[in-house]
Amino acid sequence: MILVIDVGNTRIKGAVFEGAILFEVFVFSKIELEKNIENILKKFEKITDLIVSSVGDVEKQSFLAYDKVLNVHFLSHEDPFPFHNCYSTPKTLGIDRMVLAAGATLQFPNQNRLVIDAGTCVTYDFIDQQNNYLGGAIAPGLRLRYEALHNFTAKLPLLSLESPKDLIGTSTSESIHSGVVNGFVYEIDGFIEEYKARYSNFIIILTGGDTDFLAKRLKNTIFANSNFLLESLNQTFQYKIKND
Ligand SMILES: Nc1ncnc2c1ncn2[C@@H]1O[C@H](COP(=O)(O)OP(=O)(O)OP(=O)(O)O)[C@@H](O)[C@H]1O
Ligand SMILES: CC(C)(CO)[C@@H](O)C(=O)NCCC(=O)O
Ligand SMILES: [K+]
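These numbers were taken from a predicted model, which means no experiment stands behind them.

Definitions and limits used
- Residues numbered from 1 in each chain as written.
- Chains lettered and ligands numbered in written order.
- Predicted model: local features only at pLDDT ≥ 70, side-chain atom pairs only at ≥ 80, totals over all residues.
- Heavy atoms only, no water.
- Pairing = 2+ DSSP bridges.
- Helix = DSSP H or I, 4+ residues; strand = E, 2+ residues; numbered from the N terminus.
- Axes fitted to C-alpha atoms, helices over the stretch in contact; angles between N-to-C directions.
- Contact = heavy atoms within 4.5 Å.
- UniProt positions renumbered as here; feature names shortened; annotations may be inferred.
- 1 Å grid on protein atoms, 1.4 Å probe; cavity = no way out; pocket = protein on both sides within 12 Å on 5 of 7 lines; lining within 4 Å.
- Buried < 20%, exposed > 50% of the residue type's maximum accessible area, 1.4 Å probe, protein only.
- Parallel < 35°, antiparallel > 145°, perpendicular 65-115°, else oblique.
- Nonpolar A, V, L, I, M, F, W, Y, C, P; charged D, E, K, R; others polar.
- Domains from an automatic or database assignment.
- Buried area = accessible area lost by both parts, 1.4 Å probe.
- Salt bridge = Lys/Arg side-chain N within 4 Å of Asp/Glu carboxyl O.
- Polar contact = N/O pair within 3.5 Å; in protein donor to acceptor, adjacent residues only side chain to side chain.
- Near = heavy atom within 4 Å.
- Areas by Shrake-Rupley, 256 points an atom, 1.4 Å probe, with all protein chains shown as cover.
- Sits in = over half its atoms within 2 Å of the grid points.
- Left-handed = near helix turned anticlockwise from the far one by under 90°.

A.B. asks: Explain the sheet that holds strand S1 (residues 2-7) here, please?
C.D. replies: Sheet strands pair via backbone hydrogen bonds, and the direction of the pair is either parallel or antiparallel. Across the sheet, which stays open at both edges, the five strands sit in the order S3-S2-S1-S4-S5 with mixed pairing between neighbours. Unpaired on one side and paired on the other, strand S3 (21-28) and strand S5 (71-74) mark the two borders of the sheet. When strand polarity is set aside, the average angle formed by the axes of neighbouring strands in this sheet is 15 degrees. Judged from the six bridges that link them, S1 and strand S2 (residues 12-18) form a sheet pairing that is antiparallel. Across the sheet, Ile-5 pairs through a bridge with Gly-14, a residue of S2. Across the sheet, helix H1 (residues 33-43) is in contact with S1, S2 and S3; its angle to S3 comes to roughly 155 degrees.

A.B. asks: Which parts of the structure should I look at to understand the UniProt feature "binding site: ATP" (unreviewed entry) in the protein?
C.D. replies: The UniProt record marks Asp-6, Val-7, Gly-8, Asn-9, Thr-10, Arg-11, Ile-12, Lys-13 and Thr-120 with the feature "binding site: ATP" (unreviewed entry), using the residue numbering of this structure. The largest pairwise C-alpha distance within this set of annotated residues, which runs over 115 residues, is 13.4 Å, so the set is compact in three dimensions. Of the annotated set, the members that line the largest pocket are Asp-6, Gly-8, Asn-9, Thr-10, Arg-11, Lys-13 and Thr-120. Checked against the element boundaries, Asn-9 lands in the loop between S1 and S2. Residue classification places Asn-9 among the exposed residues on the basis of a relative accessible area of 53%. Once residues lying within four places of it in the same chain are set aside, the contact partners of Asn-9 are Val-55, Gly-56 and Thr-120. Within the secondary structure, Lys-13 is located in strand S2. A residue is classified by how much of its surface remains accessible, and Lys-13, at 22% relative accessible area, is partly exposed.

A.B. asks: Got a minute to help me understand the packing of helix H3 (residues 95-107) against helix H7 (residues 228-243) in this structure?
C.D. replies: Relative to each other, H3 and H7 sit at 75 degrees, their axes nearing to 8 Å. On the basis of their axis angle, the class for H3 and H7 is roughly perpendicular. In contact with Asp-96, Val-99, Leu-100, Ala-102, Gly-103, Ala-104, Leu-106 and Gln-107 of H3, H7 contributes Phe-228, Leu-229, Glu-231, Ser-232, Leu-233, Gln-235, Thr-236 and Tyr-239. In terms of residue class, the contact of H3 with H7 is built from nine nonpolar, five polar and two charged.

A.B. asks: Any chance you could explain the domain arrangement of the protein here in plain terms?
C.D. replies: Put simply, an interface is often sized by how much accessible area is lost when its parts join up. According to the domain assignment, the protein consists of domain 1 (2-74) and domain 2 (84-233). Averaged C-alpha coordinates put domain 1 and domain 2 at centres separated by 25 Å. The partner domain 2 presents twelve residues to the 16 residues of domain 1 that form the contact. Looking at the side of domain 1 facing domain 2, the largest losses of area belong to Thr-10, Ser-53 and Val-55, adding up to 35% of the total buried there. The interface formed by domain 1 and domain 2 contains zero salt bridges. At the boundary of domain 1 and domain 2, one finds one residue pair in polar contact (both at pLDDT 80 or more). Secondary structure elements with two or more residues in the side of domain 1 that touches domain 2: S1, S2, S3 and strand S4 (49-54). Element by element, the count of residues in the side of domain 1 that touches domain 2 is highest for S2, at four residues. The residue makeup of the side of domain 1 that touches domain 2, split by class, is eight nonpolar, five polar and three charged.

A.B. asks: In this structure, what is going on with the site of ligand 2? I would like to understand it.
C.D. replies: Surrounding ligand 2, one finds Asn-9, Val-55, Tyr-87, Thr-92, Leu-93, Gly-94, Asp-96, Arg-97, Thr-123 and Ile-138. In the model, an oxygen atom of ligand 2 is placed 2.6 Å from a nitrogen or oxygen of the Asp-96 side chain. Notes on ligand 2: free accessible area 390 Å², of which the protein chains cover 75%. Most atoms of ligand 2, that is more than half of them, are within 2 Å of grid points of the largest pocket. Along the lines of polarity and charge, the residues of the shell around ligand 2 split into four nonpolar, four polar and two charged.

A.B. asks: Quick question: what am I supposed to make of the packing of helix H4 (residues 142-151) against helix H5 (residues 172-198) here?
C.D. replies: The relative placement of two packed helices comes down to the angle between their axes together with the axis-to-axis distance. At a minimum axis separation of 10 Å, H4 and H5 run at an interaxial angle of 140 degrees. With respect to H5, the element H4 is oriented oblique. Crossing geometry of H4 relative to H5 is assigned as right-handed. Seen from H4, the contacting residues are Leu-142, Arg-145, Tyr-146 and Leu-149; seen from H5, they are Ile-176, His-177, Val-180, Val-181, Phe-184 and Glu-187. A per-class count over the contact of H4 with H5 returns seven nonpolar, one polar and two charged.

Given below as structure tokens:
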């Protein structure tokens, strides 16, 4: 059994796998990291390997304590990935984006793939049919947009995510919800349309903390899976074992 951990910029997510079977998903904050790992290890005594991908400020050292009881793998750019990396600054490419690209490549062979991760940031990652990772885009995520409006103005309140009642916001709150949510949805639909105009035969995968909220609001048919990064971590590790 393996424990995979995804350290994002907002939260930490963990999942326990045996082969391709996902047993349980855990979500916690950085300060609860140790306590949670210990509880998971107690609950699943068969765990032998810990695989970590971190884009947050939790470093490799935080996991070295488990080295005595587990094989610890802290994923980096040096690990084998199943695609050809065409990013012009491969060393600065987020490890989460590399893991998503690996999952998309392995799970959906012989087609163009667009992965949209709607988390703290929304990222777009495109891997073509020949398994070339071409790049994509980085933009502020949903919650970040609400926070930015509040933090950089004098008068705008901090609101939490809510569905706008209409296109036309008739109050301050409704204007903000329309701007953030409708704007985000138009943006994603717009990106997808542009990709479709350039490429045919491709699958769109949506993941990240806002998956469920977004999936039902997008025009295009997408494969929505909020656990896609965790599943991709498991696949990246299986690939590493075979190719190291
Ligand atoms: N309990 C929660 N806490 C924070 N964000 C949440 C929560 N539930 C849903 N969300 C939504 O999830 C988004 C953040 O996504 P996620 O948790 O995947 O980010 P993350 O931990 O930074 O991961 P990543 O770095 O991979 O994007 C926010 O835009 C927010 O709207
Ligand atoms: C864009 C984020 C923050 C998304 O989690 C992460 O992938 C990251 O820190 N990336 C580094 C920059 C890049 O991917 O080009
Ligand atoms: K993200």
